[in-house]
Amino acid sequence: MISVLPFSEEGKVEAATRFVAWLEDRAIAGARGDAEEVSDVDPIGKFWLGRLGPKDEVTKSDGRGDRLEPCAIGIRFRPAVGKSKFSIAISARAWSRKRNKEGDRPWLWTKLPAIAFEVNVDFPDGADELVLGVEEFDARFKAIKGDGLMAEIRVVRRRYGTNFVLEATLVNTSTPKDAFCDGRLFECWLEVRGIDSIPFELDSLPDTFRYDRRVAAFGINCGVSPSEGALSTSDAPAKTRMRPKYWASSSPEPDISFQRLESDPIAPAAELTAAFESWAETAWSEKVLEARRIAERWTPAMTKEASKAAALFHDELKRVREGVALLEGDPKLRTAFSAMNRAMAISASGKYDRWRPFQFAFLLANLKSLVNTDEESGVADVVWFATGGGKTETYLGLLVTAAILDRMGGKTSGVTAWSRFPLRMLSLQQTQRFANALAGAEIVRRQMGLAGDPFSLGFLVGGTATPNRVRKDKGRESDWDVDQVEDMVNPFLLIETCPFCRQHSVTTKFRRGDWRLIHECSNRDCFSYGQPLPIFVVDEEIWRFLPTIVVGTLDKAANVGFQPGMRGLVGAPWGTCSREGHGFTYAIRSDRPNGCLVPDCRANRAELPMPEAVFAPRFRLQDELHLLRDSLGAVDAHYEAVLDSIQLHLSGRLPKILASSATLSGYEKQVDVLFRRSARVFPQPPPEDGRGFWTSESDDLMRRYLALAPRGLTVEFAVDRLVITLQGCVRRLLDDGEAVCAELSISSDYNPFLVSNYGTDVVYGNTLRDLDAVMRSSQTQYGAVGSALNTASLTGRTDFEEVRATLARLEKPEDDFSSRVHLVAASSMMSHGVDIDRLNVMIMLGLPLGVAEFIQATARVGRKWPALVIVVPKVARERDASVYRSFPEFVSHGDRFVEPIPITRKSRRVLERTISGMEIARLLLLHEKEAPGPLTTPKGLNAWLKVNPDGLKADKAAIAQSLGLTDRDLFLLDELDAWFGGFARNLREPGTDVRFTSDLSPNGPPMMSLRDVEEQAPVAGES
Ligand SMILES: [Zn+2]
Ligand SMILES: [Zn+2]
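Residues take numbers from 1 onward in each chain, read along the sequence in its written order. Numbering of ligands from 1 and lettering of chains from A proceed in the order in which they are written. Selection of residues for local features in this predicted model requires a pLDDT of at least 70, selection of side-chain atom pairs for listing and counting requires 80 or more, and totals for whole chains, interfaces and linings are taken over all residues. With hydrogens and water set aside, each side-chain value is computed from the structure's full complement of heavy atoms.

### Focus: the overall build of the protein chain
Argument step 1. Looking only at helices and strands, one finds 29 helices and 37 strands in the protein chain.
Argument step 2. Put simply, the radius of gyration uses C-alpha atoms, and a globule should come to 2.2 Å times the residue count raised to 0.38. Radius of gyration (C-alpha) of the protein chain: 32 Å, near the 31 Å computed for a compact globule of 1023 residues.
Argument step 3. Out of the 1023 residues belonging to the protein chain, those deemed buried represent 59%.
Argument step 4. Of the roughly 41,000 Å² of accessible surface on the protein chain, 50% is carried by carbon and sulfur atoms.
Argument step 5. Asp and Glu are treated as the negative residues and Lys and Arg as the positive ones, with His and the ends of the chain left uncounted. Just so you know, the charge point we use is NZ for Lys, CZ for Arg, CG for Asp and CD for Glu. Seen as two clouds, the 130 positive and the 140 negative side-chain charges of the protein chain have centres 2 Å apart. Per the convention used, a helix needs a DSSP run of H or I reaching at least four residues, while a strand needs a run of E reaching at least two, with both numbered from the N terminus. Per-residue accessibility, obtained with a 1.4 Å probe over protein chains only, is compared with the maximum for each type, and a residue is labelled buried under 20%, exposed over 50%, and partly exposed between these values. To be clear on the numbers: accessible area is Shrake-Rupley with a 1.4 Å probe, and residue cover counts the displayed protein chains and nothing else.

Listed below in structure tokens is the structure:
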């Protein structure tokens, strides 16, 4: 008897681990019917796991592809040479139907006694097939009066590559009879015993020296549980992942608290580097790799991979070491770095007080990009944290250091970094963290007495979340008129929590005086009191004030093709408005006589506060790099090229690219296509899975992954049943907590903790149709739970306000369980940046298209506590079926299974869509300031061409160059020629409907959003 786990903070992980195992058992038992002996519902329509249909029935093709019901389960294994003797044990149950004498239902089903026996096998040399157990089954079915029920055991020899394998299966050969569930067998199980088998090797994994590729056996329509000398079928293939820990050295972890680093960054940095170096000796030295080569019998290809990986690792080590030297040798950098640590301490506000070692190491490794910009801007650094945890703060550490360094060096204004998400819906939680970090930095800036604008945040997103501009009268669809905004309560409130004082005290309003939508904090004790918060959400305000860090969605890059203000994100504005509070000015238009973006401003244009070249941002960031694929990736590659070439022209330098990615498959190619830079990854993947220096596996459960493939019933039905079971479990914990805790041998004081952390189930769907079905079921099916089930949606269709409200409810749940959210129907929108510790149960309806999404979606649960992820594959789809077949391997090697990301820059069809935006961006952002007048009209363009007769020709060459086109790219060069030819012709002979320069484009105006291509078919990449 296990002793009862007493209540303590430290005991929570163990209590939760036991609870997760209990949930898992309940989910499986409920789906299989283990615990039920009688039923007034037909078991055919109820139990969807562990059952086998009669062979002749289920092999009939009746179009029920989505409710596949196998007639056999079994195991494929490779016996050692000369080992042909073993035994096979089986068990199965059947249900029998009788008239129901009581109750209102006409029938009652009773579970018959178990059929279970073991047969000996001696597989003859040269035989192909053995059929066994027929009489044993017959006798036993007769004994329980199971009329028509029949089954057999088959052992088949098959060729597998150059070897032979055996397949042992339990086959249901019954004749369908109404009285016995149409001949179905339930709770079927098979075990091969006394077997000496050789594992299979997965050969499809690249850089295989890192992974154990062995697989004991493969399941047939099921999973396999290997144990000593036996292999048994499993209805629930599973894999456990442990929580990473962030210090793998035997030496003590150096004190890398913000406080210590503020006063002395060098000593802790040196200590960390020393520990890293001595670990490297034990993991990556030539001696160690050579020993592994021999012991693990590496092939020459594996050896080559290992030495390539070792070189990359040693480069990482060198860069960390160089970071320490830079801190020692560069007092300015050291001051900025110390100040950043103070800012991060303020920003963390007591929630955490130190870096994780890998975060600190990343900062050290990237300090060089702050002082040696030319050399470093040719490399894109990809942050790879498959295990999650602290990516945003890691970036922010570097960006805040850069921003402080900028102010120290006289950059008193302008953008330091532009950070982009690939999705329309930028994570609000992440935005809050950016705001907090900048507020911390602003407090420090004032303490340091650094001149310049306050540090600030801009929010530049597509869609309707925030306005592009506020006008006196609504002109375009995308504009807002001022009366409309003034009618709103807290218009476009971005964050509710004040980044300075952390009170829920933020309100917004439109201020006509300086034409601004301001966020302000009403807390009289706040650092910011009396001033607007340094947050800008209207596009035009971002251009007027050029916030220190702009966060937003990638699709906004398209604005370079029609918004002169975008110049501020790649170089300098034109000037400053002489009227206080109006900010920077840009190109002159009829309604903006001095280029000021405030309506009706007639003030003068004043000089810029600093040299033009200083304005360009140091960093362009791309989050979730792996999502930039297919047509979106191709279109973005073109816009990245425009941004780079304009920035280079205006400032003489390229920005440093930082990116994050959930997978590393093909990242070098992807970075090359998107950014035309070489790629570097941090941290380098460890030499052995789970055994790195920056992250390694702890003994704490992080996530338990299960795959439950429904048999004979639909995926939707299975998901509904799972929700009912899982919610039922939590409700039992509420109603009868003592009993449940006794079963788990834990103190019942854990009860509120468990209810809070396992009371909300996330159903993750891959299509909106699937999710709609879940939501519909929630209204009809979930009566069985007992009390009402509260649901919420987090999908791309959910509006901004609702997302915010749901996240707030999930984070701070209602006191009363019955008022809380019980079920969240979520799509990929949720797989980015939703960090809620209370979400620890996920049901995944079908597998997502990409492995990256699987990794990210499941990472939304189990952020702090052990989690259960139940995948319900749609086995009728080949992809889902194949993942189901090697589910544990899929979970452990997920990243290795990632298909290369299809992406190309050289697509003529994409160029057709991007060319007008690329050229008009050059006209508006690059040439117009030097031109005699605006370039928005054919008249203005002609005036410019008069003084610049080769202007268009030069642009064509520059675009070709920025895209990396060579003489071999004939089709694309032709496309460029054709477009510029058509453009020039239309300029010479403009049609009557031509008003603006963009009307001259022979194939339509610039794209309004990079997303405009999405509806089209994917681009066929060359990878
Ligand atoms: Zn405040
Ligand atoms: Zn003005």
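### Points about the coordination of the zinc ion (ligand 2)
Argument step 1. For the zinc ion (ligand 2), the protein coordination sphere consists of Cys577 (SG), His582 (ND1), Cys596 (SG) and Cys601 (SG), at 2.1 to 2.3 Å.
Argument step 2. Taken together, the 4 donor atoms coordinating the zinc ion (ligand 2) and their angles of 103 to 117° define a geometry best described as tetrahedral.
Argument step 3. Any nitrogen, oxygen or sulfur atom within 2.8 Å of a metal ion counts as a donor, with the limit raised to 3.2 Å for Na, K and Ca, and since water is left out, coordination shells can look unfinished. Sequence positions of the donors to the zinc ion (ligand 2) reduce to the motif C-x4-H-x13-C-x4-C.
Argument step 4. For cysteine 577, a relative accessible area of 5% gives the class buried.
Argument step 5. Accessibility expressed as a relative area gives 4% for histidine 582, which makes it buried. Only two sets of limits are used to name each site, 85 to 135 degrees for every angle of a tetrahedral four-donor site, and over 155 degrees for opposite donors with all other angles from 65 to 115 for a square planar four-donor or octahedral six-donor site, with any other site named irregular.

### Regarding unusual backbone geometry
Argument step 1. In this model, phenylalanine 682 is joined to proline 683 through a cis peptide bond whose omega is -10°.
Argument step 2. Secondary-structure assignment places proline 683 in the loop between β31 (678–682) and β32 (696–707).
Argument step 3. Positive phi, close to 65°, is recorded for aspartate 600, a residue that is not glycine.
Argument step 4. Phi is positive for arginine 676, close to 50°, though the residue is something other than glycine.
Argument step 5. Positionally, arginine 676 belongs in the loop between α17 (667–675) and β31.

### A closer look at the coordination of the zinc ion (ligand 1)
Octahedral metals with six donors have ideal donor angles of 90 or 180 degrees. Tetrahedral metals with four donors have an ideal donor angle of 109.5 degrees.
Argument step 1. Only Cys498 (SG), Cys501 (SG), Cys521 (SG) and Cys526 (SG) from the protein reach the zinc ion (ligand 1) as donors, at distances of 2.3 Å.
Argument step 2. What the 4 donor atoms of the zinc ion (ligand 1) show is an angle range of 104 to 114° at the metal, which sorts the shape as tetrahedral.
Argument step 3. Every donor residue of the zinc ion (ligand 1) comes from the same chain, spaced as C-x2-C-x19-C-x4-C. Within this pair, whereas cysteine 501 is found in the loop between α14 (482–486) and β22 (506–511), its partner cysteine 526 is found in the loop between β23 (516–521) and β24 (535–536), the two being separated by 25 residues in sequence.

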